[in-house]
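A closer look at the structure
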Amino acid sequence: DLLILKNVKSVLTGGRRNSVLHNATIMMHAYMQSGTTIDVFLRKNSKWVEIANNWARFSATGSYGVIHKGNVSSSRNILKKLLPRSDSPGSSSHGPYAEGGALYALGLIHCLDGAYTETGKETLEYLASATHDAQKLQQAMGPGEMQAVGPKAWEPLIH
């Protein structure tokens, strides 16, 4: 229920900042909307979501993957503002943790797609562009998220 999230957010916004409860609220939203593609709370409260730092920012951005799980055809469009630019990884205004979280979200969205489909191969190649620790973590986790992982799924990641 979005009203619960709104009430929790208002309590957190009105009082002192608590990063644990902030992150828990975002994760609660992800679980509540898992697989539904309903990310209205995140989009309406994007400034509030963006106050998350470091690994909490990674998790908050990654929550888009939980919400949009299986929505393969729109994955890049949904995450386009957060994904690292292929010509200049780490250069987005959201920072490396958000970019790593976006790569994580991309892997979650495509996990039902498998590594051997065309979109699965493209996703694995995209994940191979990691340059920052938060992105490299996702690079290591991406193939594991994508079902049907076999030896060929790791090929794009071998440097």
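First, a word on scope: everything that follows refers to the structure included in this document.

Rules and cut-offs
- Residues numbered from 1 in each chain as written.
- Predicted model: local features only at pLDDT ≥ 70, side-chain atom pairs only at ≥ 80, totals over all residues.
- Heavy atoms only, no water.
- Helix = DSSP H or I, 4+ residues; strand = E, 2+ residues; numbered from the N terminus.
- Buried < 20%, exposed > 50% of the residue type's maximum accessible area, 1.4 Å probe, protein only.
- Contact = heavy atoms within 4.5 Å.
- Areas by Shrake-Rupley, 256 points an atom, 1.4 Å probe, with all protein chains shown as cover.
- Expected span 1.5 Å × (residues − 1).
- Phe/Tyr/Trp six-rings, centres within 6.5 Å; stacked < 30°, edge-to-face > 60°.
- Core = buried A, V, L, I, M, F, W, Y, C linked by side-chain atoms within 4.5 Å.
- Axes fitted to C-alpha atoms, helices over the stretch in contact; angles between N-to-C directions.
- Parallel < 35°, antiparallel > 145°, perpendicular 65-115°, else oblique.
- Nonpolar A, V, L, I, M, F, W, Y, C, P; charged D, E, K, R; others polar.
- Patch = residues over 30% accessible without salt bridge, like charges linked within 9 Å, V, L, I, M, F, W, Y side chains within 5 Å.
- Salt bridge = Lys/Arg side-chain N within 4 Å of Asp/Glu carboxyl O.

1. Here's the deal with the overall build of the chain
What the chain contains, in helices and strands, is nine helices and zero strands. Starting at the N terminus and walking to the C terminus, you meet the elements of the chain as α-α-α-α-α-α-α-α-α. Going through the 159 residues of the chain one by one, you find that 46% of them count as buried. When contacts within the chain are restricted to residue pairs at least 6 apart in sequence, those whose partners lie at least 24 apart make up 67%. When the accessible area of the chain is evaluated, it comes to approximately 8300 Å², of which 55% is carbon and sulfur surface.

2. Quick word on helix α7 (residues 96-109)
Within an α-helix, residues lying three or four positions from one another point in the same direction, as the helix has 3.6 residues per turn. If you check α7, its first and last C-alpha atoms are 20 Å apart, about what 14 residues at 1.5 Å a residue would give, namely 20 Å. When we look at burial in α7, the residues that qualify are Ala98, Glu99, Gly100, Gly101, Ala102, Leu103, Ala105, Leu106, Gly107, Leu108 and Ile109.

3. Here we look at the packing of aromatic side chains
Inspection of the entire model under this criterion finds four aromatic pairs. For the pair tryptophan 55 and tyrosine 97, a centre-to-centre distance of 5.0 Å together with 80° between the ring planes defines the contact as edge-to-face. Linking tryptophan 55 in helix α5 (residues 54-67) with tyrosine 97 in helix α7, this pair joins segments that are 42 residues apart in sequence. Here the aromatic cluster, defined as three or more aromatic residues joined through ring pairs, consists of Trp55, Phe58, Tyr97 and Tyr104.

4. So, the nonpolar core
Judged by nonpolar contacts, the single largest core of 20 residues is most densely connected at Ile26, Leu42, Trp48, Val49, Tyr64, Leu79 and Leu83. Every element with two or more residues in this core is listed here: α1 (2-14), α2 (19-32), α3 (40-44), α4 (46-49), α5, α6 (75-79) and α7. Sort the elements by how many residues they give to this core and α7 lands first, with five residues.

5. Notes on the packing of α2 against α5
Packed helix pairs are specified by the crossing angle of their axes together with the interaxial distance, meaning the distance between the axes. Across the interface, α2 lies against α5 with an axial gap of 9 Å and an inter-helix angle of 10°. Considering the angle they form, α2 stands roughly parallel to α5. For the pair formed by α2 and α5, the contact residues are Asn23, Ile26, Met27, His29 and Ala30 on the first element and Ala56, Ser59, Ala60, Ser63, Val66 and Ile67 on the second. Broken down by class, the residue content of the contact of α2 with α5 amounts to seven nonpolar, four polar and no charged.

6. Observations concerning a nonpolar patch on the surface
Taken together, the side chains of Leu2, Ile38 and Val40 present a nonpolar region at the surface, about 200 Å² in accessible area. Along the chain, isoleucine 38 turns up in the loop between α2 and α3. Using a relative accessible area of 39% as the deciding quantity, one classes isoleucine 38 as partly exposed.

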